[in-house]
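These are the residues of each chain, in order.
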Amino acid sequence: MSLNDAHAFAFSLATSLMAVIVIFRAGDGTLSISPANEYDGEPSAIVSDYDPWEIMSSSDR
């Protein structure tokens, strides 16, 4: 999946599930997403994360 698609998908999942979602680079170089509480890979493989509570609080400003 492209980086733009990964960000859009992660944002959508984070705000609908109200769970922190991480975007990570798999061993073969592809991008994937996972709920943060289920991710057990290397922290250095994480490209970005989406915290729905942070997103919601920043939109209230």
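In this convention, every chain numbers its residues from 1, walking through the sequence in written order. Where totals are concerned, whole chains, interfaces and linings use all residues; where local detail is concerned, this predicted model gives features only for residues with pLDDT of at least 70, and gives and counts side-chain atom pairs only at 80 or more. Derived side-chain values reflect all non-hydrogen atoms in the structure, with water molecules and hydrogen atoms excluded from consideration.

Draft legend 1. Looking closely at the confidence of the model for the protein. Per-residue confidence from the prediction method is given by pLDDT, with values spanning 0 to 100. On average, residues of the protein score 92 in pLDDT, and 95% of them are at 70 or above. Per the convention used, a helix needs a DSSP run of H or I reaching at least four residues, while a strand needs a run of E reaching at least two, with both numbered from the N terminus. In the model of the protein, helix H2 (residues 52–59) stands out as the element of lowest mean pLDDT, 81, in contrast to strand E1 (residues 21–25), which has the highest, 97.

Draft legend 2. Layout of the nonpolar core. Grouped together as the largest cluster of nonpolar side chains are nine residues: Ala6, Ala10, Ala14, Ile21, Ile23, Leu31, Ile33, Tyr50 and Ile55. Residue assignment for this core shows that the elements contributing at least two residues are helix H1 (3–17), E1 and strand E2 (31–35). We call two residues in contact whenever any of their non-hydrogen atoms come within 4.5 Å of each other. Apart from the residues within four sequence positions on either side, Ala14 is in contact with Ala19, Ile21, Tyr50 and Pro52. Residues grouped as a nonpolar core are buried Ala, Val, Leu, Ile, Met, Phe, Trp, Tyr and Cys residues, joined through side-chain atoms within 4.5 Å. A simple rule labels every residue: compare its accessible area, found with a 1.4 Å probe on the protein chains alone, to the largest value its type can have, and call it buried under 20%, exposed over 50%, or partly exposed in between.

Draft legend 3. Here's a closer look at unusual backbone geometry. At Met18, a residue that is not glycine, the phi angle is positive and equals roughly 55 degrees. For Met18, the position within the fold is in the loop between H1 and E1. When its relative accessible area of 28% is taken as the criterion, Met18 is described as partly exposed.

Draft legend 4. Region of interest: the side chain of Ser34. Within the secondary structure, Ser34 sits in strand E2. Under the relative-accessibility criterion, Ser34 is labelled buried at 12%. Excluding residues within four positions of it along the chain, Ser34 makes contact with Val20, Ile21, Val22, Phe24 and Tyr39.

Draft legend 5. Spotlight on the sheet that holds E1. Here the rule is simple: two strands pair whenever DSSP picks up at least two bridges between them. Spatially, E2-E1-E3 is the arrangement adopted by the three strands of the open sheet, whose pairing is antiparallel. The two strands at the open ends of the sheet, each matched to only one other strand, are E2 and strand E3 (46–50). Going from strand to strand, the sheet's axes swing by 20 degrees on average, the running direction of each strand aside. Strand direction decides the pairing type here: E1 and E3, joined by four bridges, are antiparallel. Only the contacting stretch of a helix is used when fitting its axis, a line to C-alpha atoms as for every element, and angles between N-to-C directions run 0 to 180 degrees.

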